[in-house]
Amino acid sequence: MNTNLEDNYRHKGLRKQLVDQLRAKGITDEVVLTAINEVPRHVFLDSSFVELAYQDQAFPIGSGQTISQPSTVAFQTQLLQVQPGMKVLEIGTGSGYQACVLAAMGAKVFSIERQRNLYFKTKDILEQLPFRVKPFLGDGYEGLSTYQPFDRIIITAGAPTIPTTLVEQMKTGGIMVIPMDNPDGDGQTMLRITKLDDGSLKKEAFGDFKFVPMLKEIGND
Ligand code: SAH
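Residues numbered from 1 in each chain as written. Predicted model: local features only at pLDDT ≥ 70, side-chain atom pairs only at ≥ 80, totals over all residues. Heavy atoms only, no water.

> Lay out the overall build of the chain with the relevant residues and their values.
On a plain count of helices and strands, the chain comes out with 6 helices and 9 strands. Here the chain has a C-alpha radius of gyration of 16 Å; the compact-globule value for 221 residues is 17 Å, and the two agree. For the chain, with 221 residues in total, the buried portion stands at 53%. Of all intrachain contacts in the chain linking residues separated by at least 6 positions in sequence, the fraction that spans at least 24 positions is 54%. (Helix = DSSP H or I, 4+ residues; strand = E, 2+ residues; numbered from the N terminus. Rg over C-alpha atoms; globule rule 2.2 N^0.38 Å. Buried < 20%, exposed > 50% of the residue type's maximum accessible area, 1.4 Å probe, protein only. Contact = heavy atoms within 4.5 Å.)

As structure tokens, this is what we get:
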């Protein structure tokens, strides 16, 4: 049971300041900014980090993983061009924060986490929040064949390749946002991949980021 679920005026005020910071850092999509303003980030962090929850920083969330930095969440979400009602698949549930931001925009979110303990911890928090997110324990490389095809796919771990199974599970006209490992082994380049009518992929690059690695199979952390 999470004890941080209260969302008070102080949290709301800090969140508004965070949104202003993100705007100053170049996030222009007001729908994304509204969603960030709606989702209480402190409930996804261990209580010792509550004071820091609204700084633009990544934090440890257990199982050797991190909750992404708000500006990274906002950037990936902006690239994803989500419309209400869309089916969105996230790889790397982590804390559940990114998934809730997408759900706050009206998406139906399906999210896969490979770390068993983290999956159960986050599932417990998600059940106490009003956002429409369905969490799954599994290997994101395999996607979710039962729920495909997806309008959008967002990967929140550094990927060595574009997973072919995920491309197959994406609708024509669908968009995937994926941090792809740089060839020199240093961080990732954010890619937006659009599946065109003839099945080919249009790729656009949007700068460098640093993510934890996308690993295969279920882990026991
Ligand atoms: N989106 C998260 C950030 C997660 S960090 C948030 O908002 O907090 C990346 C996450 O991807 C980690 O939790 C890691 O365990 C998970 N991950 C790595 N490889 C994976 C895979 N193949 N399938 C599913 N999850 C994976």
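> Describe the nonpolar core, with residues and values.
In this structure, Ile36, Phe44, Leu80, Val88, Tyr97, Cys100 and Val133 are the most contacted members of the largest nonpolar core, which totals 45 residues. Ignoring anything within four residues of it in the chain, the contact list for Val88 reads Leu80, Val82, Leu102, Ala107, Lys108, Val109, Phe110, Phe150, Arg152 and Ile154. Membership of the second largest hydrophobic core comes to 22 residues, among which are Ile153, Leu166, Met176 and Ile178. (Core = buried A, V, L, I, M, F, W, Y, C linked by side-chain atoms within 4.5 Å.)

> Can you explain the site of the ligand? Please cite residues and give values.
Around the ligand lies a shell of 27 residues, among which Gly92, Ser95, Glu113, Gly140 and Leu215 are the nearest. Separating a nitrogen atom of the ligand from a backbone N or O atom of Gly140 is a distance of 2.7 Å. In the environment of the ligand, a nitrogen atom lies 3.1 Å from a nitrogen or oxygen atom belonging to the side chain of Thr156. Compared with its free state, where it exposes 590 Å², the ligand has 99% of that area covered by protein. Of all the secondary-structure elements, those providing two or more residues to the shell around the ligand are β2 (65-67), β3 (87-91), α4 (97-104) and β4 (108-113). Counting residues per element, the shell around the ligand draws most heavily on β2, which supplies 3 residues. Considering only residue class, the shell around the ligand consists of 11 nonpolar, 12 polar and 4 charged. (Near = heavy atom within 4 Å. Polar contact = N/O pair within 3.5 Å; in protein donor to acceptor, adjacent residues only side chain to side chain. Areas by Shrake-Rupley, 256 points an atom, 1.4 Å probe, with all protein chains shown as cover. Nonpolar A, V, L, I, M, F, W, Y, C, P; charged D, E, K, R; others polar.)

> Can you explain the packing of aromatic side chains? Please cite residues and give values.
Counting across every chain of the model gives 9 aromatic pairs. Consider the rings of Tyr119 and Phe120, whose centres lie 4.9 Å apart with planes at 70°: the pair is edge-to-face. Classification of Tyr119 by relative accessible area gives buried; the value is 11%. Owing to a relative accessible area of 48%, Phe120 belongs among the partly exposed residues under this scheme. Residue placement shows Lys216 over the ring face of Tyr141; its charged tip is 3.7 Å from the ring centre. (Phe/Tyr/Trp six-rings, centres within 6.5 Å; stacked < 30°, edge-to-face > 60°. Lys NZ or Arg CZ within 6 Å of the ring centre and 35° of its normal.)

> Please give an account of the sheet that holds strand β9 (residues 201-209) that cites residues and values.
Sheet architecture is open: 7 strands sit in the order β5-β4-β3-β6-β7-β8-β9, paired in mixed fashion. This sheet does not close on itself; its edge strands, each paired only once, are β5 (133-137) and β9. Averaged over all adjacent pairs, the angle separating strand axes in this sheet is 15°, with direction ignored. With 7 bridges connecting them, strand β7 (residues 170-181) and strand β8 (residues 188-195) associate as antiparallel partners. Along β8, the bridge assignment pairs Met180 with Thr189. Of the strands in this sheet, β3, β6 (150-155), β7, β8 and β9 touch helix α3 (residues 70-80), which is tilted by about 150° from β7. Sheet contacts for α4: β3, β4, β5 and β6; angle to β4, the most-contacted strand, approximately 170°. (Pairing = 2+ DSSP bridges. Axes fitted to C-alpha atoms, helices over the stretch in contact; angles between N-to-C directions.)

> Could you give an account of the environment of Met105, with specific residues and numbers?
By the element assignment, Met105 lies in the loop between α4 and β4. Remark: the alpha-carbon pair of Met105 and Asp46, spanning 59 residues in sequence, is separated by 25 Å. In contact with Met105, other than residues within four places in its own chain, are Val31, Val32, Ala35, Thr77, Val82 and Pro84.

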